[in-house]
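Listed below, chain by chain, are the residues.
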Amino acid sequence: MAREIVLDTETTGFDPRTGDRLIEVGCIELLDLLPTGRTFHRFVNPERSIPADAIKVHGITDDKVRDAPKFHEIVDDLMEFVGDAQMIAHNAAFDRNFIDFELNRCGRPITGEPRWIDTLKLAQTRFPGMPNSLDALCKRYKVSLVERTLHGALIDARLLAEVYLELRGGKERVLDLSSGVGGRGPGGLIEIAAYGARPRPLAPRSTEAEHATHVAFLASVLKDQSLWQAHGVTFLETSATEPA
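Definitions and cut-offs
Residues numbered from 1 in each chain as written. Predicted model: local features only at pLDDT ≥ 70, side-chain atom pairs only at ≥ 80, totals over all residues. Heavy atoms only, no water. Pairing = 2+ DSSP bridges. Helix = DSSP H or I, 4+ residues; strand = E, 2+ residues; numbered from the N terminus. Axes fitted to C-alpha atoms, helices over the stretch in contact; angles between N-to-C directions. Contact = heavy atoms within 4.5 Å. Phe/Tyr/Trp six-rings, centres within 6.5 Å; stacked < 30°, edge-to-face > 60°. Buried < 20%, exposed > 50% of the residue type's maximum accessible area, 1.4 Å probe, protein only. Salt bridge = Lys/Arg side-chain N within 4 Å of Asp/Glu carboxyl O. Expected span 1.5 Å × (residues − 1). Core = buried A, V, L, I, M, F, W, Y, C linked by side-chain atoms within 4.5 Å.

Undergrad: Quick question: what am I supposed to make of the sheet that holds strand β2 (residues 22–31) here?
TA: Strand pairing in a sheet takes place through backbone hydrogen bonds and is either antiparallel or parallel in direction. The five strands are arranged β3-β2-β1-β4-β5 in an open sheet whose pairing can be described as mixed. Edge positions in the sheet fall to β3 (34–43) and β5 (116–118), since each has one partner strand and no second. Direction aside, neighbouring strands of the sheet carry axes that sit 25° apart on average. Note: strand β1 (residues 3–11) against β2, nine bridges, orientation antiparallel. In the sheet register, Ile5 faces β2, and the bridge partner there is Glu29. Strands in contact with helix α5 (residues 119–126) are β4 (86–89) and β5; relative to β5, the strand with the most contacts, it is inclined by about 40°. Packed on one face of the sheet, helix α7 (residues 153–167) meets β1, β2, β3, β4 and β5 and runs near 35° to β2.

Next comes the structure, spelled out in structure tokens:
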């Protein structure tokens, strides 16, 4: 099964190269696009003060993270949880820059761009020219925002996991006929693979009496019986049931 990690971060600002740091990370594990129930969540001491403008966004104050572990103290647990899975984030470059910056400070290998899937880019492809923030996508897909009064890494990761499922085709994605079964044939036409007979035929759901009544009804109202005959329905030749 395909294992993926939906990840979100909260930070002190926009750019780790100018001194901003990670202060919260939340992860949701997916198997075949669906949450398994396994999560990872940590607050992180950024070793600096948090600007007032950032606090207005996520509500995380200096007091809240003063006793939190520093990144190098959680890095082993975080990367063990992530493993070799692909990582999914909204505007992934932002989260990746902070994660890779912190990994580099610890002397750890960075994740690198190929491991990340950007749901913002997926949304922009599907809904060009439309608002594609996480809030906008939640409203578009009717994902409840009742728990989200402020940004939070784990809450946002949960919301994004639902949005990601919808962007990949939704709960009924198996009904997407555009993918076909068997691939495309000459001229780009979709070739649908043929299925054989059931190894165990289904038992009839009607009684013999009900079947006979149904056949008699068809014989009394249908002038052209060829369609039903093609499906194995046998009509008795009787002038009494043939319409004039």
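Undergrad: For this particular structure, what's the right way to read unusual backbone geometry?
TA: Peptide bonds are, in most cases, trans, and in most cases residues other than glycine have a negative phi. The backbone of Asp32 shows a phi angle near 50°, a positive value even though the residue is not glycine. Structurally, Asp32 is set in the loop between β2 and β3. One non-glycine residue with positive phi stands out, namely Glu47, at about 60°.

Undergrad: What am I meant to see in the packing of aromatic side chains here?
TA: Any two aromatic rings considered together are summarised by their centre-to-centre distance and by the angle between their planes. Here the structure, examined in full by the defined rule, presents three aromatic pairs. A centroid spacing of 5.9 Å and a plane angle of 40° characterise the contact between Phe40 and Phe81, whose relative ring orientation is tilted. Residue Phe40 is found in strand β3, and its partner Phe81 is found in helix α3 (residues 71–82); the two are separated by 41 residues along the sequence. Both residues of the pair, Phe40 and Phe81, belong to the buried class.

Undergrad: Teacher, can you tell me more about the pattern of salt bridges here?
TA: Pairs can form between side chains of opposite charge once their charged atoms are near each other. Here the structure, examined in full by the defined rule, presents nine salt bridges. The closest approach of N and O atoms between Glu47 and Arg21, which form a salt bridge, is 3.5 Å. Pair noted here: Glu47 is in the loop between β3 and α1 (52–58) and Arg21 is in the loop between β1 and β2, with a separation of 26 residues, a long-range link. Through salt bridges with shared partners, a single ionic network connects Arg3, Glu29 and Arg38.

Undergrad: I'm lost on helix α4 (residues 92–105) in this one. Help?
TA: Turn by turn, an α-helix covers 3.6 residues, leaving residues three or four places apart pointing in a common direction. Between its first and last C-alpha atoms α4 spans 20 Å; for 14 residues at 1.5 Å apiece the expected length is 20 Å, and the two agree. Regarding α4, the residues found buried are Ala92, Asp95, Arg96, Phe98, Ile99, Asp100, Glu102 and Leu103. The positive-phi residue at the C-terminal boundary of α4 is Gly107, with phi of around 75°.

Undergrad: Where do I start with the nonpolar core in this structure?
TA: If you look at soluble globular proteins, the nonpolar side chains tend to sit buried side by side. Within the largest apolar cluster, 22 residues are counted, with the highest numbers of intra-cluster contacts made by Val6, Ile28, Leu30, Tyr141 and Val163. Among the secondary structure elements, those contributing two or more residues to this core are β2, α6 (134–140) and α7. Top contributing element to this core by residue count: α7, with nine residues. Not counting the four nearest positions on each side in its chain, Leu30 is found in contact with Ala2, Arg3, Glu4, Val6, Pro35, Thr36, Ile88, Ala161 and Tyr164. Of all hydrophobic cores here, the second largest spans 21 residues; its members include Leu78, Val82, Met87 and Phe98.

Spatial relationships are all this shows, so hold off on functional conclusions.
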